[in-house]
Amino acid sequence: MNNNPPSRKRWYSLGLGSIIIAVVFAISTACMPVLFSEIAKELNLNLVQIGVVWGFGSIAGIVTIPAAGFIADRFGARRVLSIACLLAGIFGALRGTADGFVSLTVTSLLFGMVSEAVPVMVIKSTSLWFYGRGLGTAQGIITASVAGGMMVGSMFSATVLSPWLGGWQNVMYLYGAVSILLGLFWFLTMPEPPKTEAVARAPALLPSLKHVLKRGNIWLIGITMLAFAGGNKGVIGYLPLYLRDSGWTAAGADGALAALNAAGMLAAVPFTLLSDKLGLRKSVVIPGLLISAIGVGLLWPVTGQAVWLLVIMNGLFRDVIWAVAATMVLETEGIGPAYAGIGVGVIHAFTRIGYTFAPPIGNSLALIEPGSSFGFWAALNLIALAAFLLARETGTKKRQRL
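Notes on the overall build of the chain
Consideration 1: Looking only at helices and strands, one finds 17 helices and zero strands in the chain.
Consideration 2: Over its C-alpha trace the chain gives a radius of gyration of 20 Å, about what one expects of a compact globule, namely 21 Å for 402 residues.
Consideration 3: With the C-alpha coordinates of the chain rotated into their principal frame, the extents come out at 60 × 40 × 35 Å.
Consideration 4: Long-range pairs, those at least 24 residues apart, make up 85% of the contacts in the chain between residues at least 6 apart in sequence.

Brief notes about helix α14 (residues 318-331)
Consideration 1: Under the 1.5 Å per step criterion, the end-to-end length of α14 is 20 Å for 14 residues, consistent within 8% with the ideal 20 Å.
Consideration 2: Among the 14 residues in α14, 14 count as buried, and that is most of the element.

Considerations on a nonpolar patch on the surface
Consideration 1: A cluster of nonpolar side chains, I83, L87, I90 and L94, forms an exposed patch at the surface whose accessible area comes to about 320 Å².
Consideration 2: Turning to its location among the elements, L94 is positioned in helix α4 (residues 77-94).
Consideration 3: Residue L94 is classed as partly exposed on the basis of its relative accessible area of 33%.

A look at the nonpolar core
Consideration 1: Ranked by size, the top nonpolar core spans 116 residues in total, and within it I20, M32, L35, I39 and F374 carry the most contacts.
Consideration 2: Sequence-distant contacts of M32, defined by excluding residues within four places in its chain, comprise I39, V53, W54, R95, L104, S108 and M172.

Focus on the side chain of D254
Consideration 1: Here D254 is to be found in helix α11 (residues 250-278).
Consideration 2: Excluding its chain neighbours within four sequence positions, the residues that come into contact with D254 are V34, S154, A158, T159, P240 and R244.

Re the environment of A323
Consideration 1: Of note, A323 is situated in helix α14.
Consideration 2: Judged by relative accessible area, A323 falls into the buried class, the value being 1%.
Consideration 3: Here the alpha-carbon distance between A323 and G183, two residues 140 residues apart in the chain, equals 23 Å.
Consideration 4: Filtering out sequence-adjacent residues up to four positions away, A323 remains in contact with Q139, G140, T143 and T272.

So, the packing of α4 against helix α8 (residues 168-189)
Consideration 1: The N-to-C vectors of α4 and α8 enclose an angle of 165 degrees; their axes lie 7 Å apart at closest approach. The angle between α4 and α8 falls in the class roughly antiparallel. Between α4 and α8 lies a crossing of left-handed hand. Judged by residue contacts, A77, R78, R79, L81, S82, C85, L86, G89, I90, G92 and A93 of α4 engage M172, Y173, G176, S179, I180, G183, L184, W186 and F187 from α8.

Some points on the packing of α11 against α14
Consideration 1: Axis separation between α11 and α14 bottoms out at 6 Å; the angle between their running directions is 40 degrees. One finds that α11 runs oblique with respect to α14. The chirality of how α11 crosses α14 is right-handed. Mapping the contact onto sequence places L260, N261, G264, M265, A267, A268, F271, T272 and S275 in α11 and R318, D319, V320, A323 and V324 in α14.

A closer look at the environment of W164
Consideration 1: Relative to the assigned elements, W164 resides in helix α7 (residues 135-165).
Consideration 2: Exposure remark for W164: the relative accessible area of 67% places this residue in the exposed category.

Looking at unusual backbone geometry
Consideration 1: At N44, a position not held by glycine, the phi torsion is positive, near 60 degrees.
Consideration 2: Here N44 is to be found in the loop between α1 (7-43) and α2 (47-56).
Consideration 3: With a relative accessible area of 66%, N44 lands in the exposed category.

Quick notes on the rules
Residues numbered from 1 in each chain as written. Predicted model: local features only at pLDDT ≥ 70, side-chain atom pairs only at ≥ 80, totals over all residues. Heavy atoms only, no water. Helix = DSSP H or I, 4+ residues; strand = E, 2+ residues; numbered from the N terminus. Rg over C-alpha atoms; globule rule 2.2 N^0.38 Å. Contact = heavy atoms within 4.5 Å. Expected span 1.5 Å × (residues − 1). Buried < 20%, exposed > 50% of the residue type's maximum accessible area, 1.4 Å probe, protein only. Patch = residues over 30% accessible without salt bridge, like charges linked within 9 Å, V, L, I, M, F, W, Y side chains within 5 Å. Areas by Shrake-Rupley, 256 points an atom, 1.4 Å probe, with all protein chains shown as cover. Salt bridge = Lys/Arg side-chain N within 4 Å of Asp/Glu carboxyl O. Core = buried A, V, L, I, M, F, W, Y, C linked by side-chain atoms within 4.5 Å. Axes fitted to C-alpha atoms, helices over the stretch in contact; angles between N-to-C directions. Parallel < 35°, antiparallel > 145°, perpendicular 65-115°, else oblique. Left-handed = near helix turned anticlockwise from the far one by under 90°.

Below, the structure is given as structure tokens:
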């Protein structure tokens, strides 16, 4: 069997998968926070309702993401990802038809149900092409594409595309159409992944899920990502509104969010490459969680130009943490490429729990004191740090000692 797939195919798979994540998931999701001011005025939404829309878009993923990962394990990421892109395009465009809180919540729920499974499917595909050789770096490239997509979505959706296209609804239609086209392009041009001895067909859903959940490291990584991702989701959704209400211009508020995403994009590959070189994963994530907690927490008392430094601190390790967490799941004993889809899917399900409760709780605190939301989300970062300190190292240096 060929355990050394052609380099060109490996990198084509990674490149196209990264573009799909950037557009179908990241840009189509990140456009919402910067468009919320416009949407709220037109649909008459209050701050708590905005938090519900932003958080509940992820609630269906708690169940559907592990299921999608299992389906990718069973039937291959090529076909499953194509279908997911088509459905994400349709449901994403339907957000533009919303005429009130209920319809926007429902369409966001449908969109999140499908779009948030897309990263899991790309990670599954990548695990087949890169397992055992540059896996951490490949995960870094994937997460950098997420950050790049979020940067583009937050920078251009409200200030450029909405005025140019004639409103936020047409922005949704545009992103939906591009997502459908990318799904078709993936299906028509993507080569089949290599067949390796390390990859065995996963058993049925419940046995696969039981196999993954028996591993304590999966629970610790999951709790880490639940708290960390929930806090990050809250910050991203609230930051532009908070800064505008604090007197910032629309371009400045959106630019701050774009800076957060740019920091994550630029740092993702170098730090994950460092993790590969060191053969250690935790040495990169632990300081990242601490710096993120400090950056978020100080957004409460700090005002003015210093906010730029804090949002960069918040974004610097964000995508590194995502990449290393996914890599650690794949490197956990008993997971590997065979259970990559459902293994990473379980972690993403944990994050969707955080996505669901953290934004509305934080936004509710803002009704009492606008900056207190950041204190709550910083506390979640510290909970993530505490859980991750208990997780087992999975890097190559650790495995060599065993």
